[in-house]
Amino acid sequence: MLVENLKILAVVLGTLAVFTLVANSIPQVQSVVPEDLSFGANVSESELTSSGEDLYSGAGGCTACHGLGTVAPNLLTDEGGTGSIGARCANRASGQDCKEYLYASMVEPADYVVEGYGPIMPDMRRSLSNEQIWALVAYLQSVGGEVTVTGADIGTGTDPAPASPAPATAAPAAATTTTASLDPVEIMRANTCFACHVLSGEGAPIGPAFDGMGARVDADYIRRSILDPAAEASEGYEAFAGLMPSIFGGQLTAAQLEIIVQFLASQQ
Amino acid sequence: MSLSRPMARRNRRIFKALGAFGLLALAVHVFPEAAWAQEVASRQYGTFPLVGSRIAIWVTAQVHLLFAAFVLGVPMFAVVAEAIGIFGGDEKYDKLAKEFTRLLLVAYSATAIWGAILSFLLVTLYPGLWLYLTEIFQISMWVYVGLFFFESFTLYLYYYGWDRWSQGRAKLGHWTLGILLNVWGTLVMFIANSWLTYMMSPPADVGPDTSPAMVQFWSAFANATWMPINIHRMIANVVFGGAIVGAYAAYRFLMAETDEERAHYDWMGYVGNLIAIGALIVLPFAGYYLGREIYEFNQQMGITMMGGFMSWLWIIQAFLIGVLFLAGNYYLWVGMGRIPGAERFTPYTKYMLMVLILGVIVWATPHTIIGNREELEAMGGTFHPFLGVLGLMSAKNTAVNIMILTTFLSFLLYRRANSRPTVSWAKTGTIVQGALFVISAIIVVFYGVYGYFVSAIIRIGFSVYQVLAVLFTIFAVVGIDIFMMRGAESRGAIRWGQMPPRSQYALFILAVTFTWLMGLMGFARSGIRQHWHVWEVMRDTSVDAATPALGYAAVVISACVLIFFTLVAFIFWLGGLAEKPVVAKVSPGAPSVTGGPELAPAGGD
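Calculation criteria
- Residues numbered from 1 in each chain as written.
- Chains lettered and ligands numbered in written order.
- Predicted model: local features only at pLDDT ≥ 70, side-chain atom pairs only at ≥ 80, totals over all residues.
- Helix = DSSP H or I, 4+ residues; strand = E, 2+ residues; numbered from the N terminus.
- Buried ≥ 20, exposed ≤ 12 C-beta atoms within 10 Å, placed from the backbone.
- Contact = placed C-beta atoms within 7 Å.
- Domains from an automatic or database assignment.
- Nonpolar A, V, L, I, M, F, W, Y, C, P; charged D, E, K, R; others polar.

### Notes on the overall build of chain B
No. 1: On a plain count of helices and strands, chain B comes out with 18 helices and 6 strands.
No. 2: The 605 residues of chain B split such that 46% are buried.
No. 3: Residue pairs in contact within chain B that sit at least 24 positions apart in sequence constitute 81% of those at least 6 positions apart.

Here it is in structure tokens:
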């Protein structure tokens, strides 16, 4: 009986050992956490490209799609005879130079889908900070082209992006709130929303009316419109595109923003 | 009325304790913003000695899930076996169902204990995440506890009432208890699945700034991957339960002291293996559904899973499933040695073995190879210049479908080994069955090759045709076989118990491989969230936020499997102390492989 038990133990341990050995004999790839970056105004090109390369091949997760050549364009190698990304980026979108194109295609990827591929790329601001995105731009420029990203780019208003999302349980970023109220109408009144929007007879009809808003658009759209109003003009209000300030993301607390969004989405 | 002195002392202690509790409650009420309370409330992570929090949670959750899978899978086929016993009038299936349930009973408390440990570790090591999840799911947690209560008592009634409610309507009532046990267990699993799938695929309108109190319960509960995981786990639980029962039977077979015992456990092992491999054949389709839903939810997550840092995981998975197919078929082929008439099929086994090995090789070929710039340039792209062609899904789908067909053919030969059909259309029926195999193989290979000449989106659709061809063949061939074998002559009785010991080791390898595979898939499901507790909503800011590589994961998975089997061996041994199982009396006239030896009570039941 002892011998039989030992044989069984040997089979179990042997099987486990084989599986463990096989799993350790293949290339070991770890998914790392994107490292927080902080660049000064005098950041060097090599600092930027080195950080960008680390992100590209690691925590940025870029190679998951751009390394395949089937679901997204190859960036490090030639793509359809146009060269690597650093060589072709300046010719991708009219009116945009290389770094503008690369930055914009990362933060508004739906507007820059390359022909032959699907719109699968997410807005990289959801997972990367502004510094990280600029480091990636610098690295991609370096692959066959000239790096033009500087510390000035990172600190300028070219960045429409919020910083890397904070942990959900952390306190909201230091917002300059105009009111501490959690009443949706009170919040909107304090933030002068009624200067351009009408709700139950209150306000001026310059922008889309709040009345019946939930029947026209969903909560996602409303949230997007508040945080990034320039991204998309509402139908019938194209002439007023750019009029709405993009300050509310910093002015409202997260709770206030969500209260407004849900309130407007419920206006049928 | 005066109290006795000890009772008075006890009452004073109770009053003192109540007084202390009251003062504490008052303090909390008067000073709600106490510094310690704030510190506790804001603490995101705890620490666990020696191995760290991640390993502690990982191992606990995995061992709990392994036990849970067993106690959810076994009742499914126990209740089916009992039904065969009731409606087929075959008592041996009833005895088998009871023995399944006996294993269940002893494993059930282990499941609960590991579940409690998991809860305590979550509360103490990941309090931030725990608070977040409870804020959203508290109602379902209360329901979970209630259902768990019902499940426990239904199980006790089901097992302990087996002999009392064994006849007539009472037996039907008992069988209904078995069905109820499955219902409670399935609901419990569905609820727990909602918590973990929410972490993978939270609703689109939930972001990092969304307060958990604002998350709508039902949209969080019935999230994108909830139902695919439910279905996948239900089938996988049956596979796992069958494999563990098979290993248990193999152990008892090897330790058996009488021919009766050996015959009984030989048959039980055969049934366990049949359940495991039979359900395994369906599992890839459920996996395909889950994978598709992950892609639908978030392409980036899907691509990370299949083509990103986890791409090599699927090569390991292919290797493991290859082991399962080979061990399962090997067991059947060895088992044919105890079936008179099976020798006429023996020459074909080497060809089936070759097909299976070729299938495993193709399936285990990497699709794309993640490399740095120099490596990619040296290789000329992300595909290997020669083997890259075999790494595409067209080749892999073809390989796995051919492997399934081959395994099904093994089973069919095993099933027909000692039977000689007597129906007039037997020859035609056999030709039709053969033709179905050939046609489905042609369909599978045709779409596999054609897939290379069309775009990816069309190629994905081809896998549906391949799967349908194989499933149709399986159902049609079994249907024909059932009618063709009615009244079939026997070529001789199956010699249950006359199996070489090496066949039983194949059952152990199957059980260990299934268990390891479950651990690996658990790592895949959890790992694709990467450094997020809740995908793109709640970031993991702990020291263990990085997702480890496969080699590290393999060590942890092996440790989990070892802990699980050690405990299983221990509790089965404990169960054996309490009660002797039913054993079989070797019957010289067991008619076919679908039947088993005659059973006789051996006391204790």
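Alright, that's what it looks like, and here's the rest.
### Some thoughts on the domain arrangement of chain A
No. 1: In terms of domain boundaries, chain A breaks down into domain 1 (45-155) and domain 2 (184-265).
No. 2: Taken over C-alpha atoms, the centre of domain 1 of chain A sits 32 Å from the centre of domain 2 of chain A.

### Digging into the interface of chain A and chain B
How big an interface is tends to be stated in terms of the accessible area lost upon association of its parts.
No. 1: Taken together, the contacts link 48 residues of chain A with 59 residues of chain B.
No. 2: Elements with a minimum of two residues in the side of chain A that touches chain B: α1 (2-25), α3 (63-66), α10 (219-227) and α12 (254-265) of chain A.
No. 3: Of the residues assigned to the side of chain A that touches chain B, the class counts are 28 nonpolar, 16 polar and 4 charged.

### With respect to unusual backbone geometry
All names here are of chain B.
No. 1: Although it is not a glycine, L50 sits at a positive phi angle of roughly 65°.
No. 2: Among the secondary structure elements, L50 is positioned in the loop between α2 (35-42) and α3 (53-88).
No. 3: By the C-beta count within 10 Å, which is 6 here, L50 ends up exposed.
No. 4: Positive phi values are uncommon outside glycine, yet E536 reaches one of about 55°.
No. 5: By the element assignment, E536 lies in the loop between β3 (532-534) and β4 (538-539).
No. 6: E536 sits in the partly exposed class, given 19 other C-beta atoms within 10 Å.

### Here we look at helix α10 (residues 299-306) of chain B
No. 1: Burial analysis of α10(B) places 7 of its 8 residues in the buried class, the great majority of the element.
No. 2: Buried residues along α10(B) sit against α3 of chain A together with α9 (259-297), α11 (311-335) and α17 (501-527) of chain B.

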